[in-house]
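Report on the structure
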Amino acid sequence: MRKPYVLLLCLVSLFLGVLGVTALPARAADNGSWSVYPVSSQVAARPYFYLSADPGQTITDKVVVANKTAKPLSFRLYAADAYNTARDGGFAVRTVKERMRGVGAWAKPAKSKVTVPGHRTVTVPFTLHVPRGAEPGDHPGAIVALDERVDPGTGSLALGVRRAVGARLYLRVSGPTLPAISVENVHLSHHQPLVPGLGDSTATISYTLHNTGNVTLDPKVELRARGLFGRTLLARELTRIPSELLPGQRVRLTEPWRGSPQFDWGDVTLTARATGTHESASASFFALPWLVVALAFAAGVVGGALLVRARRGRARPSVPVRPSRRARPTPSRPRSSPSARP
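None of these values were measured; they are calculated from a predicted model.

Parameters at a glance
Residues numbered from 1 in each chain as written. Predicted model: local features only at pLDDT ≥ 70, side-chain atom pairs only at ≥ 80, totals over all residues. Heavy atoms only, no water. Helix = DSSP H or I, 4+ residues; strand = E, 2+ residues; numbered from the N terminus. Buried < 20%, exposed > 50% of the residue type's maximum accessible area, 1.4 Å probe, protein only. Contact = heavy atoms within 4.5 Å. Pairing = 2+ DSSP bridges. pLDDT = per-residue confidence, 0-100. Salt bridge = Lys/Arg side-chain N within 4 Å of Asp/Glu carboxyl O. Phe/Tyr/Trp six-rings, centres within 6.5 Å; stacked < 30°, edge-to-face > 60°. Axes fitted to C-alpha atoms, helices over the stretch in contact; angles between N-to-C directions. Polar contact = N/O pair within 3.5 Å; in protein donor to acceptor, adjacent residues only side chain to side chain.

The helix and strand tally for the protein chain stands at 2 helices and 21 strands. Taking all 342 residues of the protein chain together, the buried fraction comes to 36%. Across the protein chain, every contact between residues at least 6 apart in sequence was considered, and the portion connecting residues at least 24 apart equals 70%.

Right, here's the structure in full:
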């Protein structure tokens, strides 16, 4: 019986920092055993592939796979489309068996399999052909080196693990660009103590960020909550936001609100901003101490039942008295006529 395996894709965040006028060295995507990165140019090392092309154009580049171990390692090379993970919006790429529609379908390494000796590097060219009908805007992806070995898993499931490292590839197809973001499905749920005042009240605000444009966004989200009469209950910038929201991607996020009101009526508003776009969405909330409400409701029901019973008692008609038997009329005697006098 074949053992199932899990593909772990280690995509390290790549950046080129600047301190004053001195550039920090680029960091390759690395998992400790091997790394994947673009070939350095004559000017500087590149932390990732950033390419631009016209529809119908073909461009070439090279990727480096470095083996940091003492033993040879064999890899499967392939191009993959990128997406945002549902859990936290992180940058991830499709597995080799998934269908590719962008960079993953357009880029082809010169070699699909490569073996790298211990402590050595191998450079592999690849070709990227942009279709004539490609949509303008950003098409993110990666060039991935997948380890051919399946590490034995541990535990009752005994899953095997295949590891991969990918060098990010950001492709922009020329044409009109449209930055656009939307905030969708805002919802607020309360978690209150049974007895008001004896415990903390918390709330969870959930919402969806949706990149409806065709360029990658770096969103910022502001949360505001207002209560009765417009009182400001909460105002803060959210921090658990994906640093990159890729075109067409949706990410479901949550934000805890500690110390939320236990008795109030208002709304929460989320405002998302990115370069060239912003949008807001709101949701109303009604915070009540439900134990008090339940007790008041029960008391109202009991009181209402007693009141109805009392009213029925006062309005109850008297018991009808059985009519007495009607007495027979006494027959009258005929009055004697006076005697005739002589």
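This part is about the sheet that holds strand S4 (residues 29-30). Pairing is antiparallel across the open sheet formed by 5 strands, whose spatial order is S4-S5-S7-S12-S10. Unpaired on one side and paired on the other, S4 and strand S10 (107-109) mark the two borders of the sheet. Two elements, S4 and strand S5 (residues 34-38), share 2 bridges in a ladder whose sense is antiparallel. Of the residues in S5, the one forming a bridge with Asp30 is Ser35.

Scored by pLDDT, the protein chain has a mean of 82; 73% of the residues are at 70 or more. The low-confidence segment residues 1-26, where pLDDT is below 50, has 62 contacts with residues more than four positions distant or belonging to other chains.

Once that is clear, we can look at the pattern of salt bridges. For the structure shown, the criterion picks out 13 salt bridges. With a shortest N-O distance of 3.5 Å, Arg87 and Asp88 are connected by a salt bridge. With a relative accessible area of 71%, Arg87 lands in the exposed category. Given a relative accessible area of 36%, Asp88 falls into the partly exposed group. When the shortest N-O distance is used, the salt bridge between Arg94 and Glu98 registers 3.7 Å. By relative accessible area, which is 33% here, Glu98 ends up partly exposed.

Turning our attention to the pairing of S5. Sheet faces and side chains relate simply in a regular strand, where the side chains alternate between the two faces. By the criterion of burial, S5 is predominantly enclosed, with 4 of the 5 residues buried. Pairing of S5 with strand S7 (residues 58-67), which is carried by 5 bridges, proceeds in the antiparallel orientation. If you follow Val36 over to S7, its bridge partner there is Val65.

Inspection of every chain in the model, using the stated rule, returns 7 aromatic pairs. Ring centres of Tyr48 and Tyr170 lie 5.3 Å apart, and the angle between their planes is 75 degrees; on these two criteria the pair is classed as edge-to-face. Pair noted here: Tyr48 is in the loop between S5 and strand S6 (49-53) and Tyr170 is in strand S14 (residues 160-173), with a separation of 122 residues, a long-range link. Judged by its relative accessible area of 11%, Tyr170 falls in the buried class. Ring geometry for Phe49 and Phe126: centres 5.2 Å apart, planes at 90 degrees, overall edge-to-face. Linking Phe49 in strand S6 with Phe126 in strand S12 (residues 121-129), this pair joins segments that are 77 residues apart in sequence. Residue classification places Phe49 among the buried residues on the basis of a relative accessible area of 0%. For Phe126, a relative accessible area of 2% puts it in the buried group.

In sheet architecture, strand pairing relies on hydrogen bonds along the backbone and comes in two forms, parallel and antiparallel. With antiparallel pairing, 4 strands are arranged side by side in an open sheet as S18-S17-S20-S21. Sheet topology places strand S18 (232-237) and strand S21 (277-287) at the edges, where each strand pairs with a single neighbour. Direction aside, neighbouring strands of the sheet carry axes that sit 15 degrees apart on average. Examined bridge by bridge, strand S17 (residues 220-226) and S18 share 5 bridges and lie antiparallel to one another. Bridged to Arg224 within S18 is Ala235.

A few words on the side chain of Asn84. By the secondary structure assignment, Asn84 is in strand S8 (residues 73-84). What makes Asn84 buried here is its relative accessible area of 5%. In this structure the side chain of Asn84 is engaged in a polar contact, spanning 2.8 Å, whose partner is the backbone oxygen of Glu244. A distance of 2.9 Å separates the side chain of Asn84 from the backbone nitrogen of Leu246, its partner in a polar contact.

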